Amino acid sequence: MLRAIILGASAFATTATATAQEINFIACPVYRDTNNGRKSGCWLTSDPASGTRYDVTAAPTKADWNKAILVEGFAAPDEGNPCGATVMQPVRVSILELPCTRHMLPAEGYEGRRFSLPTRNVRPLYEDRKRPEKPYAKGRFTIPFDFDKTFITYQISDYYLDATINYALDIQPALVEITGHAQTTPRTISGETITEPAEIAQERADVVRRALIMRGVPEKNIRITAARPGAAPYVMEPFDGLKSPLERRVDIRITPQ
Amino acid sequence: MIKTVTLPLAAALLAIAVAAPQAAQEDPWWDPDEGRTFPAQLEYANANGTLRLLLEDGPMETEGHPFFTSKGPDGRACVTCHQPADAMSLSIESIQRQWERRGAKDPLFAASDGSNCPSLPQGERASHSLLLDHGLIRIARPWPGKDYEGKPLKPDFTIEVVRDPSTCNLDKRYGLNSDEPHISVFRRPRPVANFKYIEAMGFAYDPKAGMPLTVDPETGKPVSGNLMADGRVLSLTAQMRDAASAHLGFLDELDAKDMERILDFERRIYVAQQRDAKGGDVDAAGALGGPMTLMTSRAGLLGSDGGMPVWAEFEAWEKMSDAEKAKLPKDVLEFRESVARGARAFREKTFLISDTSGINTPIGFGNPVRNSCVFCHNMSHMGMDVAPGQVDLGTTNMPFADPAPHLPLFRITCTGKPHPHYGRTILTHDPGYALTTGRCSDVGRITLQTMRGLSARAPYFSNGSAKDLRAVVDYYDRRYTIGYTEQEKTDLVNLMRAL
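A tally of helices and strands in chain B yields 14 helices and 19 strands. Relative to the 2.2 N^0.38 estimate, which gives 23 Å for 499 residues, the radius of gyration of chain B is 22 Å and therefore close to what a compact globule would have. By its C-alpha atoms, chain B is 70 × 55 × 45 Å across when sized along the principal axes. Going through the 499 residues of chain B one by one, you find that 63% of them count as buried. Taking as baseline every contact in chain B between residues at least 6 positions apart, the subset at least 24 positions apart corresponds to 67%. Both charge centroids of chain B, one from 56 positive and one from 64 negative side chains, sit 3 Å from each other.

Following this line, the structure appears as structure tokens:
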């Protein structure tokens, strides 16, 4: 019921089946220049453990050809072959500070994907937004983050941030409680041991707090609360069924006063 | 087709009908204190045709108006650098004409910023070479400066002067190592017109910052973030204070009444090219070019989401019937078809955009990303960025900047994280937005300009590096290895000269 107010959780069905194995690896990306209109290029990368080449273009964050990426996702062999590699979907890409040699492939007959506006996009101010109806319910929101980043990424984190802020603004007076989380348990992926610094949890919470204030949520109604270790995200939907990004998030609870 | 008309068009047309057509023989140059009447409609010839200015709500007396009245020791007014005939910017042609007329005595060439450095002998042409040869005004920014709230910046980079033919960055009194350290960069005046668009907020966020739009501490309200090359002021009133002390040389603030009157003028004035020397009126045969569409349309819409596609003003010229075509002289037809193709190329011809801070990082579009001119120039009718438009096109940074032996060159050393594309050290002619934020990742990010009235205000780019519209297209062709055909280049140039 709560999730229905907030997000319409069924809008983003994942293609992953319950039995699919989540694939995580670190590798250098390769850009395939499928010249098929704006944003039509493909991001390919090979899992060093298996040598399998994957198409990770569906990730909200696209790669940088100079830097290694952390890939977290499901193989989706039913999604066709627009780029010349096994499609991963859903998938997340995080850009790491590990240098790569840039490499670009020509289209080689692959068409890539015509761009279409992702479902998770922030609407312009010139479009009316639907306000919640009274009596106001408690709101719970979750904003996902890329690995080792506090940046609100385009067409994923910003979508959830915007939903959070709009709800907080629409049901004022309300108490907003923010909890930042970080992935502090070391993981070994493709031979690299990676972990997020504990402070990043607080930094993420601060980013969300600042954003709320900038949009006009009264500072006095905002609290940052400590994370309960092992707690599940308030909302699972932003992760599309993936497990490994779950700890990189901010949870927000909004209680009407 | 334009669903964005907001003004009663008839009222706007009426205001124009009553205005006397501007006498063509009047001097195009506006000196301060002339006391001319600014009519509801004003036209000026330029090399490509005719520019038109519209003043919403009818004529205005400029006698005693603070935009047109000299203030400060140099006898300058705002209009000195924001000339109606030059689309409210300043063309190199006008600058050179004023030098021929009056030499260093013209207030335009005031020592403070109309010369390469105030300590140079002011009577000599060479001391004003950056203004005379490149159309550039000296902008002296305290370094390190302050943030929007007035707190001192803690920059994550250092600046050294590699060379400075202007002499000013090495000057004992004005330089980076003086008692009051300043960095001098040299920039083109930005047009003072069409502010409905420049001030418009299309979205609540700045995706380049991953945060909501910056809030102006003076008003507590968010702002569009599209003013000045380096985004150093958040509002037109803050800009006026900056201009009054920097360009007009008086430290007393303009009084509240003056500011109100300037603001009133700035928000009423619209400018665009109206007639092309080859193609005739840019709003002929169903096209919607010219300033009237600007004045009567809603501002701040994204061309790809709710707004009119960018430069679809010229769609009608794409769809002319054979009967209509047959009626037009060959030259006119060719020009109109070329403009329409140019508009389409602007939106649809894609290329790989790479290593461009503000686009490829940190948003997550990917590096590279395939897109077109309209990716950055995305606002309907205006071709600026709906989001705050600070982007590093490379116009001021090595290795992408064109050679500019006349400009100062700085070495930036990032002391924290390296720059996402350039590494630890960056050679730049103008650190741009980084002078405002103190972040090395912002070096060379310059706020996108509007694209109207271009024919009246060469040279282009903030540092004047493109001497004409063809040079703009050639710069992009080199920067992003686009491979435009000759025809595409001509079409883009024709489009831009008609804006």
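All names here are of chain B. Here four strands make up an open sheet; going across it, the order is S2-S3-S12-S13 and the pairing antiparallel. Two strands in the sheet have a free side with no partner beyond their single neighbour: strand S2 (41-46) and strand S13 (280-281). Note: strand S12 (residues 269-276) against S13, two bridges, orientation antiparallel. Looking at S13, one finds that Arg275 is bridged to Asp281.

Glancing now at the interface of chain B and chain A. Listed by partner, the interface residues are 38 residues for chain B and 37 residues for chain A. For the chain B and chain A pair, buried surface summed over both sides reaches about 3,000 Å², with 61% attributable to carbon and sulfur atoms. If you sort the residues of chain B by the area they bury against chain A, B:Tyr205, B:Met211 and B:Arg370 come out on top, with a joint share of 21%. The tally of links from chain B across to chain A stands at three salt bridges. We note a salt bridge from B:Arg370 to A:Asp33, for which the minimum N-O separation is 2.7 Å. Inspection of the chain B/chain A interface yields 15 residue pairs in polar contact (both at pLDDT 80 or more). Among the elements of the structure, strand S9 (211-212) and strand S15 (369-371) of chain B are those that each provide at least two residues to the side of chain B that touches chain A. Tallying contributions element by element places S15(B) first for the side of chain B that touches chain A, with three residues.

Residues and elements named next belong to chain A. Relative to the assigned elements, Ala85 resides in the loop between strand S5 (67-75) and strand S6 (86-99). You can call Ala85 buried: its relative accessible area is 9%. Setting aside anything within four residues of it in sequence, one finds Ala85 in contact with Leu44, Arg53, Tyr54 and Asp55.

All names here are of chain A. Each assigned domain of chain A is listed here: domain 1 (5-106) and domain 2 (139-256). For domain 1 and domain 2, the distance between their C-alpha centroids amounts to 23 Å. The partner domain 2 presents 28 residues to the 25 residues of domain 1 that form the contact. Our count for the domain 1 to domain 2 interface comes out at three salt bridges. Elements with a minimum of two residues in the side of domain 1 that touches domain 2: helix H1 (2-6), strand S1 (23-27), S5 and S6. With eight residues, S6 is the largest single contributor of residues to the side of domain 1 that touches domain 2. Looking at side-chain class alone, the side of domain 1 that touches domain 2 contains 17 nonpolar, five polar and three charged residues.

What follows deals with the packing of aromatic side chains. Residues and elements named next belong to chain B. Per the counting criterion, the structure on display carries 23 aromatic pairs over all chains. Between Phe68 and Phe265, the ring centres sit 5.2 Å apart and the planes meet at 70°, which makes this aromatic pair edge-to-face. Of this pair, Phe68 sits in the loop between strand S4 (60-61) and helix H2 (78-81) while Phe265 sits in helix H8 (residues 256-268); the two residues are 197 residues apart in sequence, bridging distant segments of the chain. Each member of the pair, Phe68 as well as Phe265, carries the same accessibility label: buried. Between Trp99 and Phe109, the ring centres sit 5.0 Å apart and the planes meet at 80°, which makes this aromatic pair edge-to-face. Highlighted residues: Trp99 in helix H3 (residues 92-102) and Phe109 in the loop between H3 and helix H4 (111-114), separated in sequence by 10 residues. Take Trp99 and Phe109: they sit in the same class, and that class is buried. An aromatic cluster is built from Trp30, Phe38, Phe67, Phe68 and Phe265, whose rings are joined through pairwise contacts.

This part takes up the state of the cysteines. In protein chemistry, a disulfide is the covalent bond that joins the sulfur atoms of two cysteines. A complete count under the given rule lists four disulfides over all chains for this structure. A disulfide bridge connects A:Cys28 with A:Cys100, and the sulfur atoms are separated by 2.0 Å. The sign of the S-S torsion, about -85°, decides the handedness of the disulfide formed by A:Cys28 and A:Cys100: left-handed. Placement of the pair is A:Cys28 in the loop between S1 and strand S2 (30-33) and A:Cys100 in the loop between S6 and strand S7 (104-106), with a sequence separation of 72 residues. A:Cys28 gets classed as partly exposed once you look at its relative accessible area, which sits at 38%. For A:Cys100, a relative accessible area of 12% puts it in the buried group. Here B:Cys414 engages in a disulfide with B:Cys440; their sulfurs sit 2.4 Å apart. One disulfide, between B:Cys414 and B:Cys440, carries an S-S torsion of 100° and so falls in the right-handed class. One end of the pair, B:Cys414, is in strand S17 (residues 409-414); the other, B:Cys440, is in the loop between helix H12 (434-437) and strand S19 (446-447), with 26 residues separating them in the sequence. With a relative accessible area of 1%, B:Cys440 lands in the buried category. The connectivity of the disulfide bonds within chain B can be written as 1-2, 3-4, using the sequence rank of each bonded cysteine.

Here is what the cut-offs are and how they apply
- Per-chain numbering applies: the sequence of each chain, read as written, is numbered from 1 onward.
- All chains are assigned letters beginning at A, and all ligands numbers beginning at 1, according to the order in which they are written.
- Local features in a predicted model are, by the rule used here, given only for residues with pLDDT of at least 70; side-chain atom pairs are given and counted only at 80 or more, and totals for whole chains, interfaces and linings are based on all residues.
- The basis for the side-chain values is all heavy atoms of the structure; hydrogens and waters are excluded.
- Under the DSSP-based scheme used, a helix requires at least four consecutive residues in state H or I and a strand at least two consecutive residues in state E, with every element numbered from the N terminus.
- When we talk radius of gyration, it's over C-alpha atoms, and the globule rule is simply 2.2 Å times the number of residues to the 0.38.
- Exposure classes here rest on a 1.4 Å probe applied to the protein chains alone. A residue is buried below 20% of its type maximum, exposed above 50%, and partly exposed in between.
- Only heavy atoms matter for contacts: two residues are in contact if any of them lie within 4.5 Å across the pair.
- Here the positive residues are Lys and Arg and the negative ones are Asp and Glu; neither His nor the chain ends is included.
- To locate a charge, the coordinates of NZ of Lys, CZ of Arg, CG of Asp or CD of Glu are taken.
- DSSP bridges decide pairing: two strands pair if at least two such bridges lie between them.
- Buried area: the accessible surface (1.4 Å probe) lost by two parts on joining, summed over both.
- Salt bridges are identified by distance alone: a Lys or Arg side-chain nitrogen within 4 Å of an Asp or Glu carboxyl oxygen.
- Here a polar contact is taken to be a pair of N or O atoms separated by no more than 3.5 Å, where protein atoms must pair a possible hydrogen donor with a possible acceptor and residues adjacent in sequence count only if both atoms sit in side chains.
- Residue ranges for the domains trace back to a domain assignment, done automatically or taken from a database.
- Three classes are used, and their members are as follows: Ala, Val, Leu, Ile, Met, Phe, Trp, Tyr, Cys and Pro are nonpolar, Asp, Glu, Lys and Arg are charged, and the others, Gly among them, are polar.
- The criterion for an aromatic pair is that two Phe, Tyr or Trp rings (for Trp, the six-membered ring) have centres within 6.5 Å, with stacked assigned to planes under 30 degrees apart, edge-to-face to planes over 60 apart and tilted to the rest.
- To count as a disulfide, a pair of cysteine sulfur atoms needs to be within 2.5 Å.

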